[in-house]
Amino acid sequence: MNRVAVPLTAALQGLTALALGGAMSAEQLEESLDETIAFILRGHAP
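Reading the values: rules and limits
Residues numbered from 1 in each chain as written. Predicted model: local features only at pLDDT ≥ 70, side-chain atom pairs only at ≥ 80, totals over all residues. Heavy atoms only, no water. Patch = residues over 30% accessible without salt bridge, like charges linked within 9 Å, V, L, I, M, F, W, Y side chains within 5 Å. Areas by Shrake-Rupley, 256 points an atom, 1.4 Å probe, with all protein chains shown as cover. Salt bridge = Lys/Arg side-chain N within 4 Å of Asp/Glu carboxyl O. Lys, Arg positive; Asp, Glu negative; His and termini not counted. Charge placed at Lys NZ, Arg CZ, Asp CG, Glu CD. Helix = DSSP H or I, 4+ residues; strand = E, 2+ residues; numbered from the N terminus. Expected span 1.5 Å × (residues − 1). Buried < 20%, exposed > 50% of the residue type's maximum accessible area, 1.4 Å probe, protein only. Arc of directions from axis to C-beta. Contact = heavy atoms within 4.5 Å. Polar contact = N/O pair within 3.5 Å; in protein donor to acceptor, adjacent residues only side chain to side chain.

Participant: Requested: an account of a negative patch on the surface, with residues and values cited.
Facilitator: Residues Glu27, Glu30, Glu31, Asp34 and Glu35 make up a contiguous surface patch of negative charge. Relative to the helices and strands, Glu31 resides in helix 2 (residues 26–41).

Set out below in C-alpha cells:
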C-alpha cells in the first residue's frame, strides 16, 4: 500500500465502525467522510 492508502483506509474503517455502532447520523457520516478524505489527500496540512 502507498502512503495515502494506509491512513485513508484506517480512517474510513474508523468512520465505518462509528456509523455501524450508531454513533453518527447519515448526515454526520457524509460530512465526516468528505472531511476525512480531503484531510488525508492534502497531507494532513492544517
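That was the structure; now back to the text.
Participant: A description of helix 2 should follow, citing residues and the corresponding values.
Facilitator: For helix 2, with 16 residues, the first-to-last C-alpha span of 23 Å sits near the 22 Å given by 1.5 Å per residue. Those residues of helix 2 lying buried are Ser32, Thr36 and Ile40. Seen end-on, helix 2 carries its buried residues on one side only, within an arc spanning 55°. With respect to the buried face of helix 2, the exposed residues turned more than 90 degrees away are Glu27, Glu30 and Leu41. Contacts made by the buried residues of helix 2 are with helix 1 (5–20). Just past helix 2, the residue Gly43 takes up positive phi, approximately 80°.

Participant: Explain the environment of Leu15 to me, using residue names and the numbers behind them.
Facilitator: Turning to its location among the elements, Leu15 is positioned in helix 1. A relative accessible area of 10% places Leu15 in the buried class. As for Leu15 and Leu29, which are separated by 14 residues in sequence, their C-alpha atoms are 7.2 Å apart. Look past the residues within four positions of Leu15 in its chain and what remains in contact with it is Met24, Leu29, Ser32, Leu33 and Thr36.

Participant: I'd like to hear about the side chain of Thr36, residue by residue, with values.
Facilitator: Mapped onto the secondary structure, Thr36 falls in helix 2. For Thr36, the side chain forms a polar contact with the main-chain oxygen of Ser32, separated by 2.7 Å.

Any functional reading would require information that these geometric values do not contain.
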